[in-house]
Amino acid sequence: MTGAKRKKRSVLWTKMHTPHCEDFKQWCRRRLPILEWATRYNLKENLLPDTVSGIMLAVQQVTQGLAFAVLSSVHPVFGLYGSLFPAIIYAVFGMGRHVSTGTFALTSLISANAVERLVPLSSQNLTAQSNTSVLGLSDFEMQRISVAAAVSFLGGVIQVAMFVLHLGSATFLLTEPVISAMTTGAATHVVTSQVKYLLGMKIPYISGPLGFFYIYAHVFQNIKSVRLEALLLSLLSIVVLVLVKELNEQFKRKIKIVLPVDLVLIIAASFTCYCTNMENTYGLEVVGHIPKGIPPPRVPPMRILSAVITEAFGVAFVGYVASLALAQGSAKKFKYSVDDNQELLAHGLSNVISSFFFCIPSAAAMGRTAGLYSTGARTQVACLISCVSVLMVIYAAGPLLYWLPMCVLASIIVVGLKGMLIQFRDLRKYWNVDKIDWGIWVSTYIFSICFAANVGLLFGVVCTVAIVIGRFPRAKTLSIKNMKEMEFKLKREVDDETVHQVKIIFINNPLVFLNAKKFRADLMNIIQRENTSSQPHDEISKCEQNTLLNSLSNGNCNEEATQPCLNEKCSLILDCSGLTFFDSSGVSMLVESDYQVNKECTPFLMSTYSLSQHPKYGQGS
């Protein structure tokens, strides 16, 4: 009897603990995406394109790292560290295969506010003569990077806390017009911050409300102090960069490797500046001394966390929004899925861990991500290879960047923001689709310019929610009895009589950002359920199928694997007569759904004529 009880207990113990082990393995695969893609990595097919893309990406990482560090009001070498550690951490925890994480203009601008406020330039004279043992930098430079690291640390903690609270699903509030306007406004701020280098002027640090206009007022008031040499070199650099990049884009299908114009320009400008001694002869500002090596990690100063909480929230929200938009865009382009909540964890850890290595706040950048597209990157290995190249620069080639003119570096940054700046073209699309979205874009951009990117983002979200709440009560929807799927049979006589099934789905709600993802998920579920179900139509529960757009909850579509095709003799008609209004997010999701359904071999038609009122097809509805 005792043996039987022990055996029974052993069986129960096994049943209780075996699933937990499997659950832990699944949890690890879900939270460590590198375990999924690394085991399936195809060396023969992917290594060469990833290597080429990684080397090209490293050039952008180095140049943007130096520039964004200066933008963040810290020594340029810390931008190299910010191009290394966040990229490695994101490759382990992130799901975007074509997303380049590292230094980012928007987060650098935000952290600069804290740096300039807590460690202003006026305090430099008190610490300039005292050097620390860290890379031979002054106490003043170390105090500044300590503030930037504190912003990165606290911003990352906020992102991890949002992950724990599963706030990644709340991103449906971030509509396309709001994100587009916010990033365009931020790019405009970055261009403005580079004006002093492009013109060779000395402009004091200006921030706060309307600071954008004060900067240009200062430029026009001191227009005579523009250095002609810096202006001409900036114009020449911009023309060369734009021209070569356009040629690379035009002939990318005919040439296997694009010309790394950024690298060529850096080498040429540095060599010319060294030979002609432009720093002393013409007074051009150069990057200066870049120390070798990586210092040992250090805990960010916790005593100043309360003083940088405003900038930390800005870094957390703006960095995540911009990064998620790029991750979702790459997922849509290359047909895979990303988990919104997992992206919070990836970027949160990238900021937290990197802050111990003297890194400024990080996020994904549009220019580098577009570079991965154009150079044919396949996986995150491209980003890891770029990290190896950045590491070589840190330990070997860093001092060679001393003679790089700041005006050339600023030109590279401005041209790299082209992808954000051309989003002005979206205004025409929003005007044609929904003029309210056009108004939201314009107002969000104005708020971003007049105040800051995080203020513009907040205004755009509040404005969008308020407008939708105001529009929903006036929506005229169909009656409940018309909210169902219908099937009918058409007899066609070819040689033999065949039966063609047509499924009609009625929409009786507005299609906006609140329910756009729910719409797509329900549509895909209906198609999948129809394919897997072997029951006759009469036996299928009607109420079980009446879910399309029945709720405003925004279900996330985490699985975007290819759905099995329906029977080739079954078609799908979407009755849009009850679609009372829609926004650009709804239209984008409708177009995406149309592409996906047709790709799955299902004939898909949309109708604005109310089929439910048809005397033949509406019977019984």
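Nothing here was measured: the structure is a model prediction, and the numbers come from that model.

Novice: Would you mind showing me how to read the packing of aromatic side chains here?
Specialist: For any pair of aromatic rings, geometry is given as the distance between the ring centres together with the angle between the planes. Scanning the model with the defined rule gives 16 aromatic pairs in all. For the pair Phe212 and Phe213, a centre-to-centre distance of 5.2 Å together with 90° between the ring planes defines the contact as edge-to-face. With a centroid separation of 5.2 Å and an interplanar angle of 65°, the aromatic rings of Phe212 and Tyr216 are classed as edge-to-face. Pair noted here: Phe212 and Tyr216 are both in helix α11 (residues 211–221), with a separation of 4 residues, about one helical turn. On the basis of relative accessible area, Phe212 is assigned to the buried category, the value being 14%. Owing to a relative accessible area of 26%, Tyr216 belongs among the partly exposed residues under this scheme. Ring pairs connect the aromatic residues Phe78, Tyr81 and Phe358, which therefore count as one cluster.

Novice: I tried to follow the nonpolar core on my own but got confused; where do I start?
Specialist: Note on soluble globular proteins: their nonpolar side chains tend to be buried together. Counting 113 residues, the largest nonpolar core has Phe78, Tyr81, Leu106, Ile145 and Leu457 as its most contacted members. When residues in this core are grouped by element, the largest group, 12 residues, is from helix α8 (residues 139–164). Not counting residues up to four positions away in its chain, the partners in contact with Tyr81 are Pro86, Leu135, Gly293, Ile294, Pro295, Phe357, Phe358, Cys359 and Ile394. Among the nonpolar cores identified, the runner-up in size contains 16 residues, and Leu511, Leu523, Leu574 and Leu579 belong to it.

Novice: Would you mind showing me how to read helix α9 (residues 176–193) here?
Specialist: Owing to its 3.6 residues per turn, the α-helix brings residues three or four apart onto one side. Compared with an ideal rise of 1.5 Å per residue, which puts 18 residues at 26 Å, α9 spans 26 Å between its outermost C-alpha atoms and is within 8% of the ideal. Counting buried positions over the 18 residues of α9 gives 17, a clear majority of the element.

Novice: What is the right way to read the pattern of salt bridges from this model?
Specialist: It is possible for side chains bearing opposite charge to pair when their charged atoms get close. Taken as a whole and assessed by the stated rule, the structure comprises 7 salt bridges. Lys429 is paired through a salt bridge with Glu176; the nearest N and O atoms lie 4.0 Å apart. Taken together, the residues Lys429 in helix α21 (residues 426–433) and Glu176 in helix α9 connect sequence positions 253 residues apart. Here Glu246 makes a salt bridge to Lys418, at a shortest N to O gap of 2.2 Å. One end of the pair, Glu246, is in helix α12 (residues 228–250); the other, Lys418, is in helix α20 (residues 418–421), and 172 residues separate them in sequence.

Novice: So what exactly am I meant to see when it comes to helix α3 (residues 43–71) here?
Specialist: Within α3, 21 of the 29 residues are buried, leaving the element largely enclosed by the surrounding structure. One side-chain oxygen at the N-terminal end of α3 lies 3.1 Å from the backbone nitrogen of Lys44; it belongs to Asn42.

Novice: Help me understand empty space enclosed by the protein, please; the structure alone is not making it clear to me.
Specialist: Taking a probe equal in size to a water molecule and rolling it over the atoms shows the remaining empty space. Per the stated rule, a full pass over the model turns up 7 cavities of 30 Å³ or more. Quantified by volume, the largest cavity comes out at close to 110 Å³. Of all the secondary structure elements, the ones that give two or more residues to the lining of the largest cavity are α3, α17 (366–374) and α19 (406–416). Looking at which element gives the most residues to the lining of the largest cavity, the answer is α19, with 3 residues. Taken together, the residues of the lining of the largest cavity break down into 9 nonpolar, 3 polar and no charged.

Novice: Just to check I follow, could you spell out the environment of Ile526 for this structure?
Specialist: When you line up the elements, Ile526 lands in helix α24 (residues 516–532). Using a relative accessible area of 3% as the deciding quantity, one classes Ile526 as buried. Separated by 21 residues in the primary sequence, Ile526 and Ile505 have C-alpha atoms spaced 9.6 Å apart.

About the thresholds
- Residues numbered from 1 in each chain as written.
- Predicted model: local features only at pLDDT ≥ 70, side-chain atom pairs only at ≥ 80, totals over all residues.
- Heavy atoms only, no water.
- Phe/Tyr/Trp six-rings, centres within 6.5 Å; stacked < 30°, edge-to-face > 60°.
- Helix = DSSP H or I, 4+ residues; strand = E, 2+ residues; numbered from the N terminus.
- Buried < 20%, exposed > 50% of the residue type's maximum accessible area, 1.4 Å probe, protein only.
- Core = buried A, V, L, I, M, F, W, Y, C linked by side-chain atoms within 4.5 Å.
- Contact = heavy atoms within 4.5 Å.
- Expected span 1.5 Å × (residues − 1).
- Salt bridge = Lys/Arg side-chain N within 4 Å of Asp/Glu carboxyl O.
- Polar contact = N/O pair within 3.5 Å; in protein donor to acceptor, adjacent residues only side chain to side chain.
- 1 Å grid on protein atoms, 1.4 Å probe; cavity = no way out; pocket = protein on both sides within 12 Å on 5 of 7 lines; lining within 4 Å.
- Points joined across faces, edges and corners; volume = space filled by probe spheres on them.
- Nonpolar A, V, L, I, M, F, W, Y, C, P; charged D, E, K, R; others polar.

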